[in-house]
Amino acid sequence: LGLEQGDISVRVSNASASTSTLGNVFSAATVFVVEEAITAYVTLRDIYGNLVSGETSSTGFSFTPSLERNNVSYSIFESSTGVYTINQLLPVNASTYLADGTISTLAYSVKIGEQDIASSPRSLTVQPGDVSASASSVTTVPANINAGDYFSLTVTLKDSLLNAWKQQIFLVRVEVSVVNGGGFYRSDAYGPGQNFLEPTPLGNGQFNYTIKVEVGNGPISYQLFALTRATSNYGLVPISGLASQTYVKSIEASAAQTVALKTLTTNQTSSTSGRSPFDAGFTAYKRIKLYDRFGNARQNDSVGAGAVTVRFDGHTTNSYIDTLMPSPFTCGQGLSVISGFEQTMQAVNVSCSNSTGECLITIEGIRSGNFRMIVFVNGVGALCEQFTVLQGPPSAPGSSFDLGVVGSDNTCSVATSTDTTAQTVGAEYCALVYLSDAYGNRLQSAVSEVVTIGNLSNPSSRSCSYTKVDGSGSFNVGMGTHLSNGVYDVRYSGTQIGTYSVVASIGREPVGVSVAQSCKDATFVPWYVYKFFPSVEMPNYITTKPSTLNLIAQDLYGNNVTSGSFSFSMTLNLYSYADASTANDGLEYVISVATSTLVNGMHQLSFSLEWPGVYRSSISLNPDSRYADLARFTTNFTQTPNPSGVQSGLGYVTNLTATSINCAVSTNGVSNYRCGDDEFTDACVASYSSCSGVTVCSGSTPIYCPGSSSCVASISQCACINTTLTRCKSGACVIDASTCMENGIACDDSGLFNCAAGAATGYPQCVQSSSDCPSPTVCPPGLLICDDGVSCAANTSACPASSSMGSGCPAGQFACYDGRCVQSAFDCPSKKTCPTAGNVVCSDGSCQADVSSC
């Protein structure tokens, strides 16, 4: 065709997204870290695979890196044909590490036109830089914690660009140190039995550490270490918040950790001086120190309880007076008080120091025996110690005694209240003295001090209610005999009746701390009848009149025997007449009195003598069968009795004289009356009223009162001869006016009439009407009524001795006119009412018109 051959120049086409590629992305540090250069390569090709050179990002392609809140600087140049280097890609923000393990990435893309080239977009994780102390922080470090309690510490870690740090727990280590040398703990040693629980990543650079520290009473400090990129080692990150310290407090005291610093002794500081056994009344000390369950001493700022209590068990000697004391409880038997054997010391004081955790236990003990002291800490047994307490020396105030009775086997046993209110004189009695020390601990053996009754160095130190029993003429007191176990038997007997106070003594000091404990009262009553005799010198008896002979009975010691199972009988034998002019000299006349009657403590023999003269009175004692064979008083006995009488064993003989007061009838037929008892010298007159110097009572005032020499309507109007007594309306004189019959008579409810109601002259008796009231009881002319309201006598000195004593009925009983005591006044016998109004009742029981007829 005539064409010439030539070169054809073919140009590459524009870069094509489909054939261009995004090459490797790398860093010199092999990891992608903020502010460290990242390099990327782009290879541009056209659609035919030809390398495209000379392009820039503004014409050939676009490069777009992106990361949240990140501004990335970079440069682009063509490093070889068609290969473009993107250099100094410097990310500022790191990827965000979230709690769920996800992270945000740096994304970048290369586009030609609007189309991504192959391998675009690409992404990579950008790590934060090393942990920055200034950018990191920690939650508030607690000021105080309790030993053994878990607490939380949360740190937020960031690099210098404020990027939250990575969340791998092995990259960070927290160390906790006990400042005072108690060791340290690391967070990479976690799990059961460790001081750290497994750390928890919270995301966004936060880590939570759960920690416990058991070493108390001091501060702990914190340090945080993080792995550095340059050295691949842990480096200290001095976060300012971790500079604070936390004080670890000791917690409640533990029984198991309690330590004894000093054993129980009477010396506050020494464990050897003053050790057990102690004397009763001792004060001893034990020192302990309290720790919590981790071994931390209790101090001022400790939390929880630190209560220390002390209890005791064991055996007291007083519980085993007559038996062998058991072996002591040992501390190996446990740290709890043994049931049934708990003991109480007199005083226990526990004083604990908050600054040192030490406690001083002070005990005072007065009981002797063997004991255990158990120390409880917060109610749990902690420590145990055995000790023994001995009895002190004998102490009279600490000792005691009982009154006793001597048995048939000659042993002394404790007396009953009945025994002590009826101790017979002459009989042997006893007192049991129980020796104790000043604290009441019974002694077990004999002592050198004299143990007896009475014998006090200062008798006035015991002002008892009654005279004290002592070794005197009234009492026979022996020295105490040691029986066993510190018990002494003191024998004594009395010779005087009455109530006395017994005071035992040890070394001349009274037993018992007070009068109430020292004075034990015993009433001594008479023994058997040893001696007896008439109560008065034999009077002249008047023939045909009721007469009495009162006998006084006494025991061996002269005490009047006023009660008991005995009586008297009497035989009266007339062996001559006093009137020699009669023709009946030598006529035998015998009167027998079968038994006596007990009246006001004396035995009364009642009789009536028909013939005047001298009688031989033979009195016989019918003794109590218990004492029938015992000795009696005996005087020189003669066949001819003398006026004073003589006793020989159970018999007593004396003379008594009977006189007739009847006068002969005169020649003019008038009956004469003798004005006295002497039929030889006293005049016979027509009647008693004719005697000189006499008062004759009659009519409405038939009663003669000797005290006022006046006539009254009723005996109740006469004062008692014994002015200390009170005359009742019944006529009886009594010691206590409340025992008068009228105080126990009430007739209103029965519809009957009370003769004593509202009238000074009435006798206390319930009748149908006032006309039925008793007639006045009178004595024959020339005689007066005695204080017993029954007996008649020529003068007050002739009244029976018993009548002047007055009725002494017990409280709550009433005195009858005949002397008996009754529970109810209605049980008293009624007095006689004469059928004719205005009549009187004579002493012989007959009704007469007036006194002169008696």
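Residues numbered from 1 in each chain as written. Predicted model: local features only at pLDDT ≥ 70, side-chain atom pairs only at ≥ 80, totals over all residues. Heavy atoms only, no water.

A. Representation of the overall build of the protein. Summing up its helical and strand segments, the protein has two helices and 63 strands in all. Put simply, the protein has 854 residues, and 43% of those count as buried. Within the protein, contacts between residues at least 6 apart in sequence are counted, and of these 63% link residues at least 24 apart. Carbon and sulfur atoms make up 49% of the accessible area of the protein, which amounts to about 40600 Å² in all. (Helix = DSSP H or I, 4+ residues; strand = E, 2+ residues; numbered from the N terminus. Buried < 20%, exposed > 50% of the residue type's maximum accessible area, 1.4 Å probe, protein only. Contact = heavy atoms within 4.5 Å. Areas by Shrake-Rupley, 256 points an atom, 1.4 Å probe, with all protein chains shown as cover.)

B. The sheet that holds strand S19 (residues 259–265), seen in detail. Taken together, the four strands give an open sheet; going across it, the order is S19-S21-S25-S24, and neighbouring strands pair in antiparallel fashion. Strands at the two margins of the open sheet, each flanked by one partner only, are S19 and strand S24 (347–352). The mean angle between the axes of side-by-side strands here comes to 15 degrees, regardless of whether they run parallel or antiparallel. As defined by bridge partners, S19 adjoins strand S21 (residues 282–289) across four bridges and the pair is classed as antiparallel. If you follow Thr 265 over to S21, its bridge partner there is Tyr 285. (Pairing = 2+ DSSP bridges. Axes fitted to C-alpha atoms, helices over the stretch in contact; angles between N-to-C directions.)

C. Region of the structure containing the pattern of salt bridges. The final tally for this structure, using the stated rule, is 11 salt bridges. Arg 186 serves as the salt-bridge partner of Asp 188, at 2.6 Å between the closest nitrogen and oxygen. Of the residues examined, Arg 186 reaches a relative accessible area of 33% and is grouped as partly exposed. Here the salt bridges share partners, and the residues they tie into one network are Glu 428, Asp 489 and Arg 491. (Salt bridge = Lys/Arg side-chain N within 4 Å of Asp/Glu carboxyl O.)

D. Region of interest: the sheet that holds strand S38 (residues 509–510). Spatially, the three strands line up as an open sheet ordered S32-S37-S38, and their pairing is antiparallel. The sheet terminates laterally at strand S32 (451–453) and S38, the two strands that pair on one side only.

E. Up close: the environment of Phe 814. When you line up the elements, Phe 814 lands in strand S60 (residues 814–815). Separated by 77 residues in the primary sequence, Phe 814 and Ala 737 place their C-alpha atoms 9.5 Å from one another. With residues up to four places along the chain from it excluded, the contact list for Phe 814 reads Ser 738, Thr 739, Cys 740, Asn 743, Gly 744, Cys 809, Arg 820, Cys 821, Val 822, Gln 823, Ser 824 and Ala 825.

F. Local environment of the packing of aromatic side chains. According to the stated counting rule, one finds 21 aromatic pairs in the structure shown. Their ring planes at 80 degrees and their centres at 4.8 Å tell us that Phe 475 and Tyr 500 sit as a pair that is edge-to-face. Residue Phe 475 is located in strand S33 (residues 475–477), and its partner Tyr 500 is located in strand S36 (residues 498–502); the two are separated by 25 residues in the primary sequence. Classification of Tyr 500 by relative accessible area gives buried; the value is 12%. Taken together, the ring pairs in this structure connect Phe 278, Phe 282, Phe 312, Phe 371 and Phe 387 into an aromatic cluster. Above the ring of Phe 633, the side-chain terminus of Lys 531 is found at 4.5 Å from the ring centroid. (Phe/Tyr/Trp six-rings, centres within 6.5 Å; stacked < 30°, edge-to-face > 60°. Lys NZ or Arg CZ within 6 Å of the ring centre and 35° of its normal.)

G. Representation of the pairing of strand S34 (residues 481–484). Pairing of S34 with strand S35 (residues 487–494), which is carried by three bridges, proceeds in the antiparallel orientation. Bridge pairing in S35 places Ser 484 opposite Val 487.

H. Broad picture of the nonpolar core. Counting residues in each nonpolar core, the largest one holds 30 residues, and the members touching the most others are Leu 157, Val 213, Ile 220 and Leu 224. Counting residues per element, the ones that place at least two in this core are strand S11 (150–156), strand S12 (172–178), strand S15 (206–212) and strand S16 (218–227). Residue contacts for Leu 224: discarding those within four places in its chain leaves Val 155, Leu 157, Val 172, Arg 173, Val 174, Gly 235, Leu 236, Val 237, Ile 239 and Leu 242. Judged by nonpolar contacts, the second largest core, of 26 residues, contains Ala 396, Phe 401, Leu 403 and Ala 431. (Core = buried A, V, L, I, M, F, W, Y, C linked by side-chain atoms within 4.5 Å.)

I. Up close: the layout of surface pockets. Its boundaries defined by the atoms lining it, the second largest pocket holds a volume of some 610 Å³. Together, 35 residues line the second largest pocket, and Ala 713, Cys 773, Pro 774, Ser 775 and Pro 776 are the ones closest to its centre. Taken together, the residues that form the lining of the second largest pocket break down as 17 nonpolar, 16 polar and two charged. (1 Å grid on protein atoms, 1.4 Å probe; cavity = no way out; pocket = protein on both sides within 12 Å on 5 of 7 lines; lining within 4 Å. Points joined across faces, edges and corners; volume = space filled by probe spheres on them. Nonpolar A, V, L, I, M, F, W, Y, C, P; charged D, E, K, R; others polar.)

J. Here's a closer look at the side chain of Ser 505. Along the chain, Ser 505 falls in strand S37 (residues 504–506). Within the structure, Ser 505 has its side chain in polar contact with the backbone oxygen of Gly 454 (distance 2.7 Å). Excluding residues that lie within four positions of it along the chain, Ser 505 makes contacts with Val 450, Val 451, Thr 452, Ile 453, Gly 454, Asn 455, Leu 456, Pro 510 and Val 511. (Polar contact = N/O pair within 3.5 Å; in protein donor to acceptor, adjacent residues only side chain to side chain.)

K. View of the environment of Asn 839. Checked against the element boundaries, Asn 839 lands in the loop between strand S61 (821–822) and strand S62 (840–841). For Asn 839 and Val 851, which are 12 residues apart along the polypeptide, the C-alpha to C-alpha distance reads 9.0 Å. Setting aside residues up to four positions removed in sequence, Asn 839 forms contacts with Ser 775, Pro 776, Cys 834, Cys 847, Gln 848 and Ala 849.

L. How the structure looks around the environment of Ala 40. Its location among the elements puts Ala 40 in strand S2 (residues 38–43). Sequence separation between Ala 40 and Leu 22 is 18 residues; the distance between their C-alpha atoms is 7.8 Å. In this structure Ala 40 touches Asn 24, Val 25, Tyr 84, Thr 85 and Ile 86, once residues within four positions along its chain are discounted.

M. Fine view of unusual backbone geometry. Residue Ser 276 is joined to Pro 277 through a cis peptide bond whose omega torsion reads 10 degrees. Along the chain, Pro 277 turns up in the loop between S19 and strand S20 (278–279).

N. A look at the state of the cysteines. One pass over the full model with this rule turns up 15 disulfides. At a sulfur-sulfur separation of 2.0 Å, the disulfide partner of Cys 331 is Cys 384. Judged by the torsion about the S-S bond (-80 degrees), the Cys 331/Cys 384 disulfide is left-handed. Residue Cys 331 is located in the loop between strand S22 (308–316) and strand S23 (342–343), and its partner Cys 384 is located in strand S27 (residues 380–390); the two are separated by 53 residues in the primary sequence. According to the relative accessible area criterion, Cys 331 is partly exposed, its value standing at 26%. Disulfide pairing places Cys 412 opposite Cys 430 at an S-S distance of 2.0 Å. The disulfide joining Cys 412 to Cys 430 has a torsion of about 90 degrees about its S-S bond and is therefore right-handed. Highlighted residues: Cys 412 in strand S29 (residues 412–414) and Cys 430 in strand S31 (residues 429–434), separated in sequence by 18 residues. (Disulfide = S-S within 2.5 Å.)

O. Spatial organisation of the side chain of Thr 739. In this fold, Thr 739 is placed in the loop between strand S55 (733–734) and strand S56 (753–754). A polar contact of 2.6 Å, which involves the side chain of Thr 739, links it to the backbone oxygen of Asp 736. Not counting chain neighbours up to four residues away, the residues in contact with Thr 739 comprise Val 734, Cys 809, Pro 810, Gln 813, Phe 814 and Ala 815.

P. Just the confidence of the model for the protein, in detail. Chain-level statistics for the protein give a pLDDT mean of 85 and a share of 89% at 70 or above. In this model residues 576–587 is a low-confidence stretch, pLDDT under 50, and it forms 18 contacts with partners more than four residues away in sequence or in other chains. Low pLDDT (under 50) marks residues 637–642, which in the prediction has 10 contacts with non-local residues, meaning those over four places away or in another chain. (pLDDT = per-residue confidence, 0-100.)

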